[in-house]
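# Fold and contact review
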Amino acid sequence: MKKLVMALLIAAIALQATAQKDKKDNKLKFSVSGEFGAVTGNLKTNYSVGIGPSAQVEYKINDKFSATVQGGVLALVSKKIPGSNLKLKSQTALPLLGGVKYYFMPKLFGAAQLGTAVFTTSGNDGARFAFSPSVGYQINDKFDVSLKYIGFVGDNTVTSVNVFGPVQVPTSTTANGESGVFGIRVGYTL
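Remember, predicted model here, so these are calculated numbers, not experimental data. (Residues numbered from 1 in each chain as written. Predicted model: local features only at pLDDT ≥ 70, side-chain atom pairs only at ≥ 80, totals over all residues. Heavy atoms only, no water.)

Now for the overall build of the protein chain. Across its full length, the protein chain holds 2 helices and 11 strands. Scanning the protein chain from its N terminus toward the C terminus, one meets helices and strands in the order α-α-β-β-β-β-β-β-β-β-β-β-β. Within the protein chain, buried positions represent 39% of all 190 residues. The contacts of the protein chain with a sequence gap of at least 6 include a subset with a gap of at least 24, amounting to 59%. When the accessible surface of the protein chain is totalled, it reaches about 9,900 Å², and 68% of it is carbon and sulfur. (Helix = DSSP H or I, 4+ residues; strand = E, 2+ residues; numbered from the N terminus. Buried < 20%, exposed > 50% of the residue type's maximum accessible area, 1.4 Å probe, protein only. Contact = heavy atoms within 4.5 Å. Areas by Shrake-Rupley, 256 points an atom, 1.4 Å probe, with all protein chains shown as cover.)

If you want it as structure tokens, here you go:
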């Protein structure tokens, strides 16, 4: 995982180094986005939605292909534990992904990214392998929208609930496997 994170960071730095010249040549695009979707997989029992901001750098290789690097924050909002009024702590994931984007037509595209997501919530912290396929549409020069799935593979065991402030009630909810967020990304190109 550490090697993958380092490779993605080096790629981002390399893209930034050529940013000024390539931005003038319309080869480099910076975008910010909001993402919203339903939690899937083994975490959907305790979490309802994922929501958060992200930023992406896209480097145009030719008319059809682009290389991408994306990072962001994704909050998984908890729901009540079935049969009680207790809620788990909300989860926070910090995904860092790199990949490719392919334009089927001038405005219709598909993308695939691989990387890591670092979970920061106590009891479920640590890095997970992350992947993200998507399909989207470039509305105009500034806005794009895409259907996106971001998947996390690894230990997703949640070990405690937050009842009243610091009081913790031990529980074991989910284990190894895949989980993720399936939803929509709305991007704005700077």
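A separate point is the nonpolar core. The biggest cluster of nonpolar side chains holds 15 residues, and the ones touching the most others in it are Leu74, Leu76 and Phe152. Counting only elements with at least two residues in this core, the list comes to strand S4 (74–78), strand S5 (91–103), strand S6 (108–119) and strand S8 (143–154). (Core = buried A, V, L, I, M, F, W, Y, C linked by side-chain atoms within 4.5 Å.)

Before going further, it helps to examine the environment of Gly98. Structurally, the position occupied by Gly98 is in strand S5. Taking the C-alpha atoms as reference points, Gly98 and Gln113, 15 residues apart in sequence, are found 5.1 Å from one another.

The subject of this paragraph is the confidence of the model for the protein chain. Caution applies to low-pLDDT parts of the model: their predicted coordinates are not meant to be read in detail. For the protein chain, the mean per-residue pLDDT works out to 79, and 73% of the residues sit at or above 70. pLDDT under 50 marks residues 159–175. Its contacts with residues more than four places away, or in other chains, come to 41 contacts. (pLDDT = per-residue confidence, 0-100.)

What follows deals with the pattern of salt bridges. Applying the stated criterion across every chain, the model contains 5 salt bridges. The network of salt bridges with common partners includes Lys29, Glu58 and Lys101. (Salt bridge = Lys/Arg side-chain N within 4 Å of Asp/Glu carboxyl O.)

Quick look at the pairing of strand S7 (residues 126–138) now. In this sheet, S7 lies alongside S6 in antiparallel orientation, the contact comprising 12 bridges. Bridge pairing in S7 links Val118 to Ala127. Where S7 and S8 come together, 8 bridges link them in antiparallel fashion. Bridge assignment links Phe131 to a residue of S8, and that residue is Gly151. Counting the residues that bridge the hairpin from S7 to S8 gives 4 residues. (Pairing = 2+ DSSP bridges.)

Another aspect to go through is the side chain of Gln91. Within the fold, Gln91 resides in strand S5. Within the local environment of Gln91, its side chain forms a polar contact with the side chain of Tyr47, the two groups lying 3.1 Å apart. (Polar contact = N/O pair within 3.5 Å; in protein donor to acceptor, adjacent residues only side chain to side chain.)

As a further point, take the pairing of strand S1 (residues 28–41). Across a regular strand the side chains alternate sides, sitting on one face of the sheet and then on the other. By the bridge criterion, 11 bridges tie S1 to strand S2 (residues 47–60) in an arrangement that is antiparallel. For Gly37, the partnering residue across the bridge sits in S2 and is Gly50. Where S1 folds back onto S2 in an antiparallel hairpin, the turn is made up of 5 residues.

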